[in-house]
Amino acid sequence: MNSASTTAPLSLDDLHVSFGGNRVLEGVNIDFVPGFNGLIGPNGAGKTTIFNVLSGYVKATRGGAFLDGKDLSDLKPTDRVSNGISRTFQSPKLILDATVLENVLLGMHRKFRHGHVTELFRLPNQRREEDQAREVCIDMLEEFGLAEDAHKETGDLSLGSQKIVEVCRALVAEPKVLLLDEPAAGLGANDVTILLKGLRKFVQEKNLCLVIIEHDLELVTALCPIIYVLHFGRIISEGSAEAITTDPAVIEAYLGKGYAQDNEKDQGDSSAI
Ligand SMILES: Nc1ncnc2c1ncn2[C@@H]1O[C@H](COP(=O)(O)OP(=O)(O)O)[C@@H](O)[C@H]1O
Ligand SMILES: [Mg+2]
């Protein structure tokens, strides 16, 4: 575990997960701190499984996860969101024939007394709440350059924009912890710039604890002061971008031998990030 003096809002303690005989996570210990935390590693390493444990879709075989010191193991996925854990998925999970605004409104679900957003449109006493919620969602879309698309059908947006809509939906829930699973995959350079600008703002203003799984190493190293490297279900390295990218174990398992030389040549060319 890292020894940051800040209380870690989110911790993994000796986390083990097996699917049948397949041991996917084996004794993962991480204290995720406020700010950007990077989680990288080869395909199949177990990164998404960590998110699935944190959001309650997968049960730990041993060990567990803690939010502000509270054991999460008995909480259902919806209760995790109420407790401040929001996430996005590797492939966005949105209702494609609903509008962008309706999808983002779903992120405010826990704030409503009535469960379904559609009900809000029928109940007069919910009118004010609905107007306020719409305003919050439009403001969020504005932050990420998508306000003009609010009334479009979500399926008509590019994959990149859909991924940003999912980030907006996660953020309107006002999470303490935001888990982003490969948010930049499939995004153009312009979308990445908009996404990062918005995320930086929330991390700074709300002291958000953001965990980002991402294969774009340039992005992760530019963004995250601390990065965890997962390989075959174990953390093989953790620390600053420099520490992990020069760690022989990481070069061997993930980056490849050519990385160190290429990286030296390319340094200084990260203006988009
Ligand atoms: N629900 C599941 N049932 C069985 N095996 C799973 C399940 N989820 C993930 N796995 C397996 O766990 C391993 C890690 O998967 P995953 O966490 O998705 O890796 P990553 O996100 O690092 O690419 C893979 O071998 C995958 O096939
Ligand atoms: Mg994954």
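Check the entry above for the structure.
Remember, predicted model here, so these are calculated numbers, not experimental data. Within each chain, residue numbers correspond to sequence positions counted from 1 in written order. Here every chain gets a letter starting at A, and every ligand a number starting at 1, in the order they are written. Per-residue local features of the predicted model are confined to residues with pLDDT of at least 70, and side-chain atom pairs are confined, for both listing and counting, to 80 or more; whole-chain, interface and lining totals are unaffected and use all residues. Side-chain metrics rest on all non-hydrogen atoms present in the structure, leaving aside hydrogens and water.

(A) Seen up close, the coordination of the magnesium ion (ligand 2). Distances decide who is a donor: an N, O or S atom must be within 2.8 Å of the metal, or within 3.2 Å for Na, K and Ca. Water is not included, so sites may look incomplete. Note on the magnesium ion (ligand 2): its protein donors are T48 (OG1) and Q90 (OE1). The metal-donor distances range over 2.1 to 2.3 Å. Here T48, found in helix α1 (residues 47–54), pairs with Q90, found in the loop between β6 (85–87) and α3 (100–105); they are 42 residues apart in sequence, far enough to count as distant. For Q90, a relative accessible area of 38% translates into the label partly exposed. Strands are runs of DSSP state E lasting at least two residues, helices are runs of H or I lasting at least four, and both sets are numbered from the N terminus onward. Partly exposed residues are those whose accessible area sits between 20% and 50% of the maximum for their type, while under 20% is buried and over 50% is exposed, using a 1.4 Å probe and protein chains only.

(B) How the structure looks around empty space enclosed by the protein. Every definition here rests on a 1 Å grid over the protein atoms only: cavities are sets of points where a 1.4 Å probe fits but cannot get out, pockets are open sets enclosed by protein on both sides within 12 Å along at least five of seven lines, and lining residues have some atom within 4 Å of a point. Grid points are joined across faces, edges and corners, and a volume is the space filled by probe spheres set on the points. All told, the structure shown has one cavity of 30 Å³ or more when counted by the stated rule. Each pocket or cavity is described by its volume, and for the largest cavity that value is around 30 Å³. Considering the residues around the largest cavity, the lining is formed by T88, F89, K163, E166, V167, D181, E182 and P183. Looking at the lining of the largest cavity element by element, the count peaks at three residues for helix α6 (residues 159–172).

(C) Broad picture of the pairing of strand β2 (residues 22–32). Being paired, for any two strands, means DSSP has found at least two bridges between them. Examined bridge by bridge, strand β1 (residues 10–19) and β2 share eight bridges and lie antiparallel to one another. From the neighbouring strand, H16 faces β2, where its bridge partner is E26.

(D) Inspection of the sheet that holds β1 at higher detail. In spatial order, the strands read β2-β1-β4-β5; together these four strands make up an open sheet with antiparallel pairing. Only two strands of the sheet have a single partner each, and these edge strands are β2 and β5 (70–71). Pairing between β1 and strand β4 (residues 62–67): five bridges, direction antiparallel. Paired with L12 across the two strands is A65, which belongs to β4.

(E) Region of interest: the site of ligand 1. The near set for a molecule or strand comprises every residue that places at least one heavy atom within 4 Å of it. Around ligand 1, the neighbouring residues are F19, V24, P42, N43, G44, A45, G46, K47, T48 and T49. With respect to ligand 1, the backbone of A45 contributes an N or O atom lying 3.2 Å from an oxygen atom. The fraction of the free accessible surface of ligand 1 (560 Å²) that becomes covered by protein chains is 59%. If you tally residues by element for the shell around ligand 1, the top one is α1, at three residues. Class assignment for the residues of the shell around ligand 1 results in four nonpolar, five polar and one charged. By the criterion applied in these results, polar contacts are pairs of N or O atoms within 3.5 Å in which, for protein atoms, one can donate a hydrogen and the other can accept it, and in which residues neighboring in sequence qualify only through two side-chain atoms. Residue-level accessible areas treat just the shown protein chains as cover; the underlying method is Shrake-Rupley with a 1.4 Å probe. Each residue is assigned to one of three groups, with Ala, Val, Leu, Ile, Met, Phe, Trp, Tyr, Cys and Pro labelled nonpolar, Asp, Glu, Lys and Arg labelled charged, and all others, Gly among them, labelled polar.

(F) Structural detail: the side chain of H16. As for its position among the elements, H16 is in strand β1. For H16, a relative accessible area of 15% gives the class buried. Looking at H16, its side chain comes within polar contact range of the main-chain oxygen of D14, at 2.9 Å. Between two residues, a contact is recorded if the distance between any of their heavy atoms is within 4.5 Å. Beyond its immediate sequence surroundings of up to four residues, H16 is in contact with L25, E26, G27, A60, T61 and R62.

(G) Spotlight on the side chain of N37. With respect to the element layout, N37 can be found in strand β3 (residues 35–40). Given a relative accessible area of 0%, N37 falls into the buried group. Separated by 3.3 Å, the side chain of N37 and the backbone oxygen of G35 make a polar contact. In contact with N37, not counting residues within four places along its chain, are F32, C209, L210, V211, I212, C224, I226 and Y228.

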